[in-house]
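Next come the chains, spelled out residue by residue.
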Amino acid sequence: MNELNTLKLEKCPEEVEAEIASELVTINDVVRYATSYLIENEVFLGHGTDSYWDEAMYLVMCTINLDPPADPDTLNARLTMREKKNIAKVLTKRVKDRVPSAYLTNRAWFCDIEFYVDERVLIPRSPIGEMIKNKFQPFLTKQPTRILDLCTGCGCIALACANAFRDCDDLMIDAVDISDDALDVCATNIYKYGVEDFVFPIKSDIFDGLPTDEKYDFIVCNPPYVDTADLEDMPEEFCKEPKLALEAGEDGLDLVKVILAEAKDHLTEDGFIVIEVGNSQLALQMQFSEIPFHWVEFNNGGSGVFVLTYNELVEYSEYFDEFRRNK
């Protein structure tokens, strides 16, 4: 049997590098090899790709400074020895250390926009991207001028909104996070796209660092929402992401309860809030059974995202205040 078909984790990096260097020629050859290697070693997918071929394509193309995926002509392009050695190093680290590919290449995409990422921030993967592309229809009824991206991380939601609403006059977007590290990455992406005049990284513990009189047309929030049980059972790849951006208490709703109680004070009267709660959706629905959450249905996959209007936040404010006190 061909040695390339019997890849195992115990292969040392030098062996993988030697095989790639001596037996493979084109990008297609290396992507095929990498796919088999990832499958045999059962790496976990979930940081932007959902197939081993796509994961291999992402890793290989980003390592040689090209954008995935590759067209047929590119797939047949020959790789240099240096490129093959670089790919081998990244591939073996992906398998041995279970580091997500985006951290190895410092490249991730959200809403068709490339972002710099590293271990200081979550890797972008929110279904909210579909809402941004649709300009938050049917919830948004006017051209926005003030947008808040709460728990911004690398700034992907804030910058995607900046792109979606770039024709709006006097647009201002606040990208808020409690983490200095995350805000450093966010600022890197803001300056990369030259939007520092209207997208602002701000350090704040949820709303605490924002002016009390600031009102937003809408708030988008992808907060930490992983409950204790899920956090303990997560694949090793997720352990490479910042725990601060994942952990949210026994029910995964520690931050969400605070946000629901306070968001109305930071919205215009025709505003709304979008919050992602992921697997904590059931816990939220059980605890707030009286609340008519608008759960978003996505065409491209994903769930656990809801919308509430300013009026609904006001109407049910007593419930939210009570749950925040008891969280």
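Conventions and cut-offs
The residue numbering used here restarts from 1 in each chain and proceeds along that chain's sequence as written. For this predicted model, a pLDDT threshold of at least 70 governs which residues receive local features, and a threshold of 80 or more governs which side-chain atom pairs are given and counted, while totals over whole chains, interfaces and linings are taken from all residues. Here the side-chain values reflect all heavy atoms present in the structure, with hydrogen atoms and water set aside. Grouping buried Ala, Val, Leu, Ile, Met, Phe, Trp, Tyr and Cys residues that are joined through side-chain atoms within 4.5 Å yields what is termed a nonpolar core. For each residue, the accessible area found with a 1.4 Å probe, counting protein chains only, is set against the maximum for its type, and the residue is called buried under 20%, exposed over 50%, and partly exposed in between. Under the scheme used here, helices are H or I runs from DSSP no shorter than 4 residues and strands are E runs no shorter than 2 residues, and both carry numbers assigned from the N terminus. Throughout, a residue-residue contact means that at least one pair of heavy atoms, one from each residue, lies within 4.5 Å. DSSP bridges decide pairing: two strands pair if at least two such bridges lie between them. Every axis corresponds to a line fitted to the C-alpha atoms, with the helix fit spanning only the stretch in contact, and the corresponding angles, defined between N-to-C directions, vary from 0 to 180 degrees. How far a helix is expected to stretch is found by multiplying one less than its residue total by 1.5 Å.

K.L.:
So, the nonpolar core: which residues are in play, and what are the values?
P.N.:
Ranked by internal contacts, the top residues of the largest apolar core, which has 74 residues, are Leu 91, Ile 132, Phe 136, Cys 161, Phe 165, Phe 218 and Val 274. The greatest single-element share of this core, amounting to eight residues, is contributed by helix α8 (residues 156-164). When residues no more than four places from it in sequence are discounted, the contact partners of Ile 132 are Phe 110, Cys 111, Ile 157, Ala 160, Cys 161 and Ala 164. One finds Leu 150, Ile 219, Leu 253 and Phe 320 within the second-largest nonpolar core, a separate group that totals 31 residues.

K.L.:
Please provide a residue-by-residue account of the sheet that holds strand β3 (residues 146-150), values included.
P.N.:
Within a sheet, each strand pairs with its neighbour through backbone hydrogen bonds, oriented either parallel or antiparallel. Taken in spatial order, the seven strands line up as β5-β4-β3-β6-β7-β9-β8 in an open sheet, and their pairing is mixed. Two strands close off the open sheet at either side, each with one partner strand: β5 (199-203) and β8 (294-295). With five bridges connecting them, strand β6 (residues 216-221) and strand β7 (residues 267-276) associate as parallel partners. Across the sheet, the residue bridging to Cys 221 is Ile 275, located in β7. Where α8 meets the sheet, it contacts β3, β4 (172-177), β5 and β6, and its direction lies at approximately 170° from that of β4. Running at roughly 170° to β7, helix α11 (residues 254-262) makes contact with β3, β6, β7 and β9 (305-309) of the sheet.

K.L.:
Any chance you could break down helix α5 (residues 81-96) for me, citing the residues and the numbers?
P.N.:
Here α5 contains 16 residues, and its C-alpha end-to-end distance of 22 Å stays within 8% of the 22 Å for a straight helix at 1.5 Å per residue. Along α5, the positions that sit buried rather than exposed are Glu 83, Lys 84, Ile 87, Ala 88, Val 90, Leu 91, Thr 92, Arg 94 and Val 95. Looking at the buried positions of α5, the neighbouring elements they touch are α1 (13-23), α2 (27-40), α3 (52-63) and α6 (101-105). Looking one or two places after α5, you find Arg 98, whose phi comes out positive at around 55°.

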